[in-house]
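Here are the chains, one letter per residue:
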Amino acid sequence: MAAPVSATPRLDLDRSSIPELQRLMNRGELTAVGLTNAYLGRIRALDRKINSIILLDPTALDQAKASDQRRRAHKLRGPLDGIPVLLKDNVDTAHLQTTAGSRALLGTPPAKDATLMANLRRAGAVLLGKANLSEWANFRAAKPTSGWSGVGGQTSNPYVLDHNPCGSSAGSGAAIAASLAQVAIGSETDGSIVCPSGMTGVAGHKPTLGLVSRTGVVPISAEQDTAGPMARNITDVALTLAALQGRDPSDPATLEIPRNQPREYRLDPHSLRGKRIGLWRLPVLGPDVDKIMTQSAAAMRAQGAQVVEVTLPYQDRIHELEFPALLTEFHRDIDKYLSTRNGPRDLAALIAYNRSDPLEQTCFAGQELFEQALAAPPPTDPGYLAGRHELTDLAKRSIDETMARFHLDAIAAATNPPAWKTDCAIGDNDIIPSSTPAAVAGYPAVTVPAGFVGPLPVGISFMASRWSDGRLLSFASAFEQATRARKAPRFLPSMGG
């Protein structure tokens, strides 16, 4: 493994947290420019192995200089000031291309920043660049290959390079695992933050729907989409979430944020003490993953939690209803987004573009989901409306009824199977059922490293009811501190090493 790249002899990028970096900068032992240069150097040294970044922001060092000036003037904007961040390339940036991985969107950048990007700038974060992703957030082909896009190519898992990072926030997860930025932003419709976080051995948070604005984020479904932070520790995730969140008149879901929603998230290392956690075992993930969940349950009990076995109801019906609903919602929402950009102006034009560009067919050629979405019922269709209502209701009930029945404070489940070998010819071998209830319900989920199957990481996800983000972050932090399960990747070329 390559030695850590550092701006000072005392700086270990893999282990440093945002508070530690801020202490170094406040003492004059580190600058934002030095920290940004350290990450840029590490990107130059290592990203050729994992291919996680689509492009770098040429203004990154200027942003860092401005942060250093604010520090000298005692006008810091908060804990993210001077902290290098990567942004999934489906989040609009006014001065950088935003492509969702598709060559159809190359060219003119968006007219303005996404709201969440504007929030990061107001917090003083340094935008390093844009992370690769599964093209169109894994909503193009029936059998896609996660981490591949026409613009960025294939992202690799830093733990075993010929294995998959999961998607669609593949570049965000892989880059954070390889310590190419302090924080990355991902987005999720169902599994796209938590799965790549789990599979690349980092922490990730899918917020309650509406906590973070979706304005300027390339959509799949307004009923399920949300963006959220990914980092190597829960402290950094919590600090970044606080900067991202907030009301946005352009996103009505954010107007429902409760007045008492925390603006800062305090993490209690003893938060599991006296709590009841439901352990949702998923045998489909295999005996090795189940063993990690047994060990995780023991770790929570050692922290004073009661752990009870649960099974979430309605899952077969939820999976049956989700895909048809997403087809209708994607057609509605992608047409609205494309109307704001230069390039294909609607889904039909996007389908035509893909047929004309051979480079868009170099990994998976199909666009079956696009074609099915184009033919899907409109959002006014009574069948669609009934199906979406039932779908969301069952997803909420699957969590709410389980928590009420067993008097739970949260539900925990394995986040992911061990990473599969990347193969464009056959696509993904993805089985990630634990993400669906919270994703469809619009409830929060937090994943944190739990263990390994061989060299491949497995995460554990904590989920609960709406607006319980702070509680889940605290539980995940307590678990993280008790287990110290994360290990840095070794960039093995294959399972044989």
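Above this note sits the structure.
Below is a short write-up of the structure. Remember, predicted model here, so these are calculated numbers, not experimental data. (Residues numbered from 1 in each chain as written. Predicted model: local features only at pLDDT ≥ 70, side-chain atom pairs only at ≥ 80, totals over all residues. Heavy atoms only, no water.)

### Considering the state of the cysteines
Part 1 of the reasoning: Taken as a whole, this structure holds 2 disulfides when the rule is applied.
Part 2 of the reasoning: Across a sulfur-sulfur distance of 2.0 Å, Cys166 and Cys195 are joined as a disulfide pair. Residues Cys166 and Cys195 are joined through a disulfide that is right-handed, its torsion about the S-S bond being 105°. One end of the pair, Cys166, is in the loop between strand E5 (153-154) and helix H5 (170-177); the other, Cys195, is in helix H6 (residues 194-199), with 29 residues separating them in the sequence.
Part 3 of the reasoning: Overall, the relative accessible area of 0% leaves Cys195 in the buried class.
Part 4 of the reasoning: Going through the protein in sequence order and numbering each bonded cysteine, the pairs you get are 1-2, 3-4. (Disulfide = S-S within 2.5 Å. Helix = DSSP H or I, 4+ residues; strand = E, 2+ residues; numbered from the N terminus. Buried < 20%, exposed > 50% of the residue type's maximum accessible area, 1.4 Å probe, protein only.)

### A look at unusual backbone geometry
Part 1 of the reasoning: In this structure, the amide linkage connecting Gly167 to the following residue, Ser168, adopts the cis form with an omega of 10°.
Part 2 of the reasoning: Tracing the sequence through the fold places Ser168 in the loop between E5 and H5.
Part 3 of the reasoning: If you check the backbone angles, His74 has positive phi at about 60° while not being a glycine.
Part 4 of the reasoning: Of note in this structure, Cys166 is not a glycine but carries a positive phi near 70°.
Part 5 of the reasoning: Its relative accessible area of 2% is what places Cys166 among the buried residues.

### Regarding the pattern of salt bridges
Part 1 of the reasoning: Under the criterion given, the structure shown has 23 salt bridges.
Part 2 of the reasoning: A salt bridge links Glu360 to Arg140, with the shortest nitrogen-to-oxygen separation between them at 2.9 Å. Of this pair, Glu360 sits in the loop between helix H10 (347-356) and helix H11 (368-374) while Arg140 sits in the loop between strand E3 (126-131) and strand E4 (148-149), and the two are 220 residues apart along the sequence.
Part 3 of the reasoning: Take Glu360: its relative accessible area is 0%, and that puts it in the buried class.
Part 4 of the reasoning: Because the salt bridges share partners, they merge into one network encompassing Glu135, Arg140 and Glu360. (Salt bridge = Lys/Arg side-chain N within 4 Å of Asp/Glu carboxyl O.)

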